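# What the coordinates show
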Amino acid sequence: MDLLPPAEAASPDLMKKRKSGFRSLKLVEVDMDAVLAEEPFGVDYGRLDNGLTYYVRSNPKPRMRAALALAVKAGSVLEEEEERGVAHIVEHLAFSATTNYTNHDIIKFLESIGAEFGACQNAVTSADETVYELFVPIDKPGLLSQAISVLAEFSMEVRVSMEDLEKERGAVMEEYRGNRNANGRMQDAHWILMMEGSKYAERLPIGLEKVIRTVSPETVKEFYRKWYHPQNMCVIAVGDFPDTQGVVDLIKAHFGHKFSAAVPPVMPYFPVPCHEEPRFSCFVESEAAGSAVMISCKMAVEELRTVKDYRDLLAESMFFHALNQRFFKLSRKKDPPYFSCSAAADVLVHPCKAYIMTSSCKEKGTIEALKSMLTEVARVRMHGFSEREITVVRALLMSEIESAYLERDQMQSTNLRDEYLQHFLRNEPVVGIEYEAQLHKTLLPYITASDVSRYSENFMTSHSCVIKIIEPHATAIVDDLKAVVLKINSLEKEGGISPWDDEYIPEEIVSTKPNPGSIMQQLEYSNIAATELVLSNGMRVCYKCTDFFDDQVLFTGFSYGGLSELPESDYFSCSMGPTIAGEIGVFGYRPSVLMDMLAGKRADVGTKLGAYMRTFSGDCSPSDLETALQLVYQLFTTNLEPGEEDVNIVMQMAEEAVRAQERDPYTAFANRVRELNYGNSYFFRPIRISDLRKVDPFKACQFFNNCFKDPSTFTVVIVGNIEPAIALPLILLYLGGIPRPLEHILSFHRDELKGLPFTFPSTIIREAVHSPMVEAQCLVQLCFPVELKNENMMEDAHLVGFLSKLLETKILQVLRFKHGQIYSVGVSVFLGGNKPSRVGNVRGDISINFSCDPDISSALVDLALAEILRLQDEGPSDDDVLSILEIEQRAHENGLQENFYWLDRILRSYQSRIYCGDVGASFQGSSSALSKL
């Protein structure tokens, strides 16, 4: 089986050159007033005679694929009162019917070539623009031309008949209804408060229900004709093209003859007014997931034109990194004011950006959270950041740009497409990653603590500030918020806020180097180009060297035996182990301390306890592989003991989460579905407050310690840009050096694991779950039992995956494209309740999920069931099967160029039923089963 398309292998010398390239990258002599290049870097850029702008770039990642976009500078802010929602309706109609396509044939065509609806063909409407995006294969003649022709259809050929509009109203209404949940209501209210006094406040992209239900085809046509002009558009094509001129010629062929029938209107400008006095809001949302505080300070969007502007952008980025690190450390102190808090800058609309702080806190804790947030930015204004804080964030930014520079030849085409979108829509310069890296290296060392700290001035409450709290039950009023602002302003004016107190940060993650292990057995698996080692402590390590990404190494270690082995009396305590351990610090250091220790390094390791397995996973730069493996060593050698402070924080957060679920109307539905599907099993039953109060933190930590104690039970798979001469000594030192206990700890044979207690209903159940809601909504789930026979397990597992795709496509075609009553449908397969034994059948279920108008939910269920019966009687058409296979094949081809894909495939090969010590044979068996379908 040809697993990879032929590609030029990267030589060791080339890999070393790439690694050292950033460190040897020359600094540049910069003139702060020098203007950044206006024309985007690395792209064929131009304008057709009709005014349409184009960007075309050749990029080999991923191979034989192209990322395309049509951007239109027309969004909801351009709508008149009777048009509110029309910009979004036009976007929907574009996929429904055009001059040359009808009845959603565009979607069907794109799926037939492997571009899945949603993932590879999508669009978004915002206040200022509408963007259509495609991600398509281009390995066959004519595919690229056809895909570009689809964008041309969107540009000026959308058909707006009464029939087309009526078919799409239901889908748009369902999207509208889906936006009217707790999160949607809170976001809309905040937007209106932020944009008060501007037209943007009254032009949410989703529009008005009345307009969606009653707008005429003539009104939609008028908006489309008025604003969809080539002068307002750009076409972007980034992909694995042999040459760019041929792509430019295709754009000219499909778009060059399109001219506006009338002179386009001048694009209006809608300002967002400033205000000196802060605006306050106490928003009560009974279905909110928790209490929260939002502080937003608006300002004009700065133009990024000169080197000085770029330097300011770096300093601003450093400010937010440093502030967020403080917020994280505060959230981990005794009696924290909030569970989490973060700050960022965001361009809201063309003329306006905002500095935004958001925190989530305990119920009745919004006032304390607000005090802490305002105090912290006041502290920065008074005392600034420390030199150590600036050193930490400088290292972080340098690490990020180094990673981007190392992978400059491996950027995904979709990412490059997004850069050119911002150039067209926001006039953001695209100067190329090489020049950006040089600017970083040149400018970052000279950005001082005072340079960074001055950005705290933008969080002054007199700078168009909007302060909003969200609570499920009202406990604070506007006067309380005003009092906090006055108090913090007074403290700052009087100098009553003390400087920040830095924590002590150890220099070394592993204080005493372990004794390295040795290799007891080494095997080569040529069919997957992987090497397997059995180390002296019993750990099995398989590594695969790739050159997909120069700055990526991924790894996962797993061991059989997890929560299913516990008696019910211990389950809830031990299931809290990872949460409590995470608060203490699973790698031997508190999270707030470890964050500073890892500054400038790209190494991330996490853990997971499942029903039948326990795992650790990591993602790191090749140059930081040692750091990542040190974290794994610390995971296995750290003995966690819960402190009262740590446990209190975790339990408080857990109780808030449970209360939030109890407020969520969808929780009642989800809980009843689980109860019906899996019985009243403790493993699937939702955690209650009474369960939390029985948690034994010492038992939880002891179980977590034991889960990562015995290396002999673990298999580790490593995939990425590995140089064995460098990686092997590190593997032997930090993985092989993990001490093996005298007796096995949590050592299980996969065929002897305890299965989860669950039973699928034996009779047909049709039930309506009623839950009080602020606004009426409806979720539907159709669930069917699945049993895979042991003798055909490999083929059947793949078939179930294909079946889920087929059902998703056919139900969508019936309920949306034919009847126009839903927005989307999801089909999922659950087989995770079965123990990973190599014998016996596997039970599970397939569930079909969609949301809809509550009044027609029963009728839509009948339509869905009728379509399933039709498929059972008649079978799918050849075209249906070919489209599904094409989508799966394209996803497989893309995956072959990704480290994540290979990591997952090799892990699955070790965990496969047919694995008997030869991972190469197991991999081949799985691939053979796939190829038979």
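Above this note sits the structure.
Residues numbered from 1 in each chain as written. Predicted model: local features only at pLDDT ≥ 70, side-chain atom pairs only at ≥ 80, totals over all residues. Heavy atoms only, no water.

### Observations regarding the environment of Thr763
Tracing the backbone shows Thr763 in the loop between α25 (724-735) and β19 (779-788). Residues Thr763 and Val466 lie 297 residues apart in sequence; the distance between their C-alpha atoms is 55 Å. (Helix = DSSP H or I, 4+ residues; strand = E, 2+ residues; numbered from the N terminus.)

### A word on the packing of helix α17 (residues 568-575) against helix α24 (residues 697-707)
Where α17 meets α24, the axes come as close as 8 Å, and the angle between the chain directions of the two elements is 80 degrees. Between α17 and α24, the interaxial angle falls into the category roughly perpendicular. Contacts from Asp570, Ser573 and Cys574 of α17 reach α24 at Lys699, Ala700 and Phe703. Class assignment for the residues of the contact of α17 with α24 results in three nonpolar, one polar and two charged. (Axes fitted to C-alpha atoms, helices over the stretch in contact; angles between N-to-C directions. Parallel < 35°, antiparallel > 145°, perpendicular 65-115°, else oblique. Contact = heavy atoms within 4.5 Å. Nonpolar A, V, L, I, M, F, W, Y, C, P; charged D, E, K, R; others polar.)

### Here's the deal with the packing of helix α12 (residues 387-406) against helix α14 (residues 433-443)
A pair of packed helices is characterised by two quantities: the angle between their axes and the separation of those axes. Direction vectors running N to C along α12 and α14 enclose 155 degrees, while the axes themselves pass 10 Å from each other. Taken together, α12 and α14 sit at an angle that is classed as roughly antiparallel. α12 and α14 meet at a crossing whose hand is left-handed. Residues Leu397, Met398, Ile401, Ala404 and Tyr405 of α12 touch α14, and the partners they reach there are Ile433, Glu434, Glu436, Ala437, His440 and Lys441. Of the residues in the contact of α12 with α14, the class split is seven nonpolar, one polar and three charged. (Left-handed = near helix turned anticlockwise from the far one by under 90°.)

### Regarding the sheet that holds strand β18 (residues 715-720)
Within the open sheet, the seven strands sit side by side as β12-β13-β14-β18-β15-β17-β16. Their pairing is mixed. Every other strand in the sheet has two partners, leaving β12 (519-525) and β16 (603-609) as the edge strands with one partner each. Strand-to-strand, the axes of this sheet are offset by a mean angle of 15 degrees, without reference to chain direction. Sheet contacts for α25: β12, β13 (530-535), β14 (540-545) and β18; angle to β14, the most-contacted strand, approximately 160 degrees. (Pairing = 2+ DSSP bridges.)

### Considering the sheet that holds strand β1 (residues 44-47)
As summarised here, the arrangement of the six strands in space is β1-β2-β6-β3-β5-β4, forming an open sheet in which the pairing is mixed. Unpaired on one side and paired on the other, β1 and β4 (121-125) mark the two borders of the sheet. In this sheet, adjacent strand axes meet at a mean angle of 10 degrees when their direction is disregarded. Where strand β3 (residues 65-72) meets strand β5 (residues 130-137), eight bridges bridge the pair, whose relative direction is antiparallel. Each bridged residue has a counterpart across the sheet, and for Ala66 the counterpart in β5 is Val136.

### Describing the pattern of salt bridges
Here the structure, examined in full by the defined rule, presents 57 salt bridges. The shortest N-O distance in the salt bridge between Arg388 and Asp596 comes to 3.3 Å. One end of the pair, Arg388, is in helix α12; the other, Asp596, is in helix α19 (residues 591-597), and 208 residues separate them in sequence. According to the relative accessible area criterion, Arg388 is partly exposed, its value standing at 29%. You can call Asp596 buried: its relative accessible area is 9%. Taken together, the shared-partner salt bridges in this structure form one network comprising Arg65, Asp139, Lys140, Glu886, Arg890 and Glu893. (Salt bridge = Lys/Arg side-chain N within 4 Å of Asp/Glu carboxyl O. Buried < 20%, exposed > 50% of the residue type's maximum accessible area, 1.4 Å probe, protein only.)

### So, a nonpolar patch on the surface
Residues Val881, Leu882 and Leu885 make up a contiguous nonpolar surface patch of about 230 Å² in total accessible area. Tracing the backbone through its elements, the reader meets Leu882 in helix α28 (residues 878-895). Residue Leu882 is classed as exposed on the basis of its relative accessible area, which comes to 52%. (Patch = residues over 30% accessible without salt bridge, like charges linked within 9 Å, V, L, I, M, F, W, Y side chains within 5 Å. Areas by Shrake-Rupley, 256 points an atom, 1.4 Å probe, with all protein chains shown as cover.)

### Some points on the pairing of β18
Along β18, six of the six residues are buried, which leaves the element largely enclosed by surrounding structure. Of the two faces of β18, the one holding Thr715, Val717 and Val719 and the one holding Val716, Ile718 and Gly720 are both buried throughout. Two elements, β14 and β18, share six bridges in a ladder whose sense is parallel. Note that in β18 the partner of Cys545 across the bridge is Gly720. The pairing of strand β15 (residues 553-560) with β18 spans six bridges and is classified as antiparallel. When the sheet's bridge partners are listed, Val553 is paired in β18 with Gly720.

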